Amino acid sequence: QYQDENDNRLMVYMQTGEIGVDKASLAQTKRLKPSSDVDLTIPKGQQNNSNTFAIIIANENYEEETQVEYALNDGEIFKTYCRDVLGLPETNIHYRENATLNNFLAELDWMKQISSAFGNEAKFIFYYAGHGIPDEASGDSYLLPVDGRGNLLATGYSLKKLYDTLGGLGAKSVTVFMDA
């Protein structure tokens, strides 16, 4: 069972080896997303976390690598949780679909600017859904921007560098969610 962008339920079924879909509903659907309780029944919180800031990077559509199914959906749902459950103001959430290496750098620079303004009162959330790549020689790991190549480490963003940057913010707290 899937759900379209307008929350219309679509039934996908197997029949004699072929996949059948309600074609009238599918014709109106741009992208199918999985339907689950976590995606559909998002509670409303009462908190106001005006000193909490989130970067959400959802990389699904890679230029040179295989796609990451549902990364965009996961990023959108996490953004909804940040706003509706955790109480982050919309302006405190930076959501990037299909981020390039320059987008990574710009978002981390935004975090540094926020940290300078708020000092140790700021809290940060970093969320990433997309490809990760390992350096077999050193054991280091990298996040792969959509314009990167899995066989070229220089096109990735080092996890060590990410953690050093986040650890150096002087923030009250930093929470990282990683699906790579």
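**Regarding the packing of helix α4 (residues 101-118) against helix α5 (residues 159-167)**
The angle between the axes and the distance between the axes are what describe a pair of packed helices.
Moving on, step 1. In the contact formed by α4 and α5, the axes pass within 10 Å of each other and the chain directions differ by 15°. When the axes of α4 and α5 are compared, the pair comes out roughly parallel. Judged by the sense of rotation from one axis to the other, the crossing of α4 with α5 is left-handed. Residues L108, M111 and K112 of α4 touch α5, and the partners they reach there are L162, T165 and L166.
Moving on, step 2. Taken together, the residues of the contact of α4 with α5 break down into four nonpolar, one polar and one charged.

**Side note on the nonpolar core**
Moving on, step 1. Formed by 35 residues in total, the largest nonpolar core has its most connected members in C82, M111, F126 and L162.
Moving on, step 2. For this core, the secondary structure elements donating two or more residues are β6 (52-58), α3 (71-84), α4, β8 (123-129), β10 (141-143) and α5.
Moving on, step 3. Among the elements that line this core, the one with the most residues is β8, at six residues.
Moving on, step 4. Discounting residues that sit within four places of it in the chain, L162 has contacts with L108, F126, L143, Y157 and M178.

Definitions and limits used
- Residues numbered from 1 in each chain as written.
- Predicted model: local features only at pLDDT ≥ 70, side-chain atom pairs only at ≥ 80, totals over all residues.
- Heavy atoms only, no water.
- Axes fitted to C-alpha atoms, helices over the stretch in contact; angles between N-to-C directions.
- Helix = DSSP H or I, 4+ residues; strand = E, 2+ residues; numbered from the N terminus.
- Parallel < 35°, antiparallel > 145°, perpendicular 65-115°, else oblique.
- Left-handed = near helix turned anticlockwise from the far one by under 90°.
- Contact = heavy atoms within 4.5 Å.
- Nonpolar A, V, L, I, M, F, W, Y, C, P; charged D, E, K, R; others polar.
- Core = buried A, V, L, I, M, F, W, Y, C linked by side-chain atoms within 4.5 Å.
- Buried < 20%, exposed > 50% of the residue type's maximum accessible area, 1.4 Å probe, protein only.

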